[in-house]
Amino acid sequence: MPEADARRIVVTGAAAGIGRAIATRLAAEGERVLVNDLDANAVHALAHEIGAIAAPGDAASPEGVAELVGVAREWLGGIDVWFGNAGVDRGRGLEADDEEWSESWEVNVMAHVRAARLLVPEWVSRGGGRYVVTASAAGLLTMLGAPAYSATKHGAVAFAEWLSATYRHRGVVVQAICPQGVRTRMFDEAGDLQGLLAHDGPLEPDDVADAAWRALAGDEFLVLPHPQVADYYAARVTGTDRWLAGMNKIQRGLESS
């Protein structure tokens, strides 16, 4: 890709897993990439490896988001695409405490809100921009055992839907990537839920990166690396009680194992 045609792209949560795979794929395709993560050593190593710019820091707090956007504008000259990939999975069941809920809300939802506040007005003024949320199939369905993750990933999808409904006629493309099980640290630490996540076959992070790259060629809102999720989502909407009964059956199975 000629440098003049390269898009200026920020990827948060890029030190490992899906974020690392997306950043690596984008750089390999010739895009200009800035990578962000709390893990400064890992993000600097990644930037050196793929020829990107490293901007370690907090992509969720008001100050951290503002600093990241400022650094990206300084070093890239602007931002064309924002991959809001940073996310956390905190707490289990009703025992998840307020701190775990609060962190989940800040990272999984408010990081997107705060970034959009800074990015979207500029995109509207120049007639284009793209915001890509790494959500989860949990944001369309649910994740048994993980209420904070499920609720906040629903929130991430809902905010992305609102952004799309509000700004698509003004050139802002919004997309939500919603995979099921992906072989990341989160998958490795899923415990009894790992079997559920692997129901349709766990993907590699590179598989999700491939789906993300293909999605950049269009403007389809839902990006589903596991295509089966579309059927589950439809079943949830059109037969909610039957779907909930099925999920509860799985829950009972988890409790008896």
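Residues numbered from 1 in each chain as written. Predicted model: local features only at pLDDT ≥ 70, side-chain atom pairs only at ≥ 80, totals over all residues. Heavy atoms only, no water.

1. Quick word on the side chain of Asn36
- Among the structural elements, Asn36 can be located in the loop between strand S2 (32-35) and helix H2 (40-50).
- Owing to a relative accessible area of 2%, Asn36 belongs among the buried residues under this scheme.
- For Asn36, the contacting residues outside a window of four places in its chain are Val11, Thr12, Gly13, Ala14, Val43, Ala55, Pro56, Gly57, Ala59 and Leu68. (Helix = DSSP H or I, 4+ residues; strand = E, 2+ residues; numbered from the N terminus. Buried < 20%, exposed > 50% of the residue type's maximum accessible area, 1.4 Å probe, protein only. Contact = heavy atoms within 4.5 Å.)

2. What to know about the environment of Asp210
- Following the sequence through the fold, Asp210 ends up in helix H8 (residues 205-215).
- Judged by relative accessible area, which is 28%, Asp210 ranks as partly exposed.
- Separated by 15 residues in the primary sequence, Asp210 and Pro225 place their C-alpha atoms 8.6 Å from one another.

3. Description of H8
- Regarding H8, the residues found buried are Pro205, Val208, Ala209, Ala211, Ala212, Trp213 and Ala215.
- Contacts from the buried residues of H8 go to helix H1 (17-28), strand S4 (81-84), strand S5 (129-134), strand S6 (172-177) and strand S7 (222-223).

4. Focus: the sheet that holds S7
- Pairing within the open sheet is parallel, and its seven strands lie in the order S3-S2-S1-S4-S5-S6-S7. With one partner strand each, in any of the chains shown, strand S3 (53-54) and S7 form the two edges of the open sheet.
- Pairing geometry for S4 and S5, over four bridges, is parallel. In the sheet register, Val81 faces S5, and the bridge partner there is Arg130. (Pairing = 2+ DSSP bridges.)

5. Some points on the nonpolar core
- Ranked by internal contacts, the top residues of the largest apolar core, which has 40 residues, are Val10, Ile79, Trp82, Leu119, Trp123 and Tyr131.
- No other element matches the nine residues that helix H4 (residues 98-126) contributes to this core.
- Among residues more than four places away in sequence, those in contact with Val10 are Leu34, Leu68, Ala72, Leu76, Ile79, Val81, Trp82 and Phe83.
- Membership of the second largest hydrophobic core comes to 29 residues, among which are Ala14, Leu26, Ile177 and Ala215. (Core = buried A, V, L, I, M, F, W, Y, C linked by side-chain atoms within 4.5 Å.)

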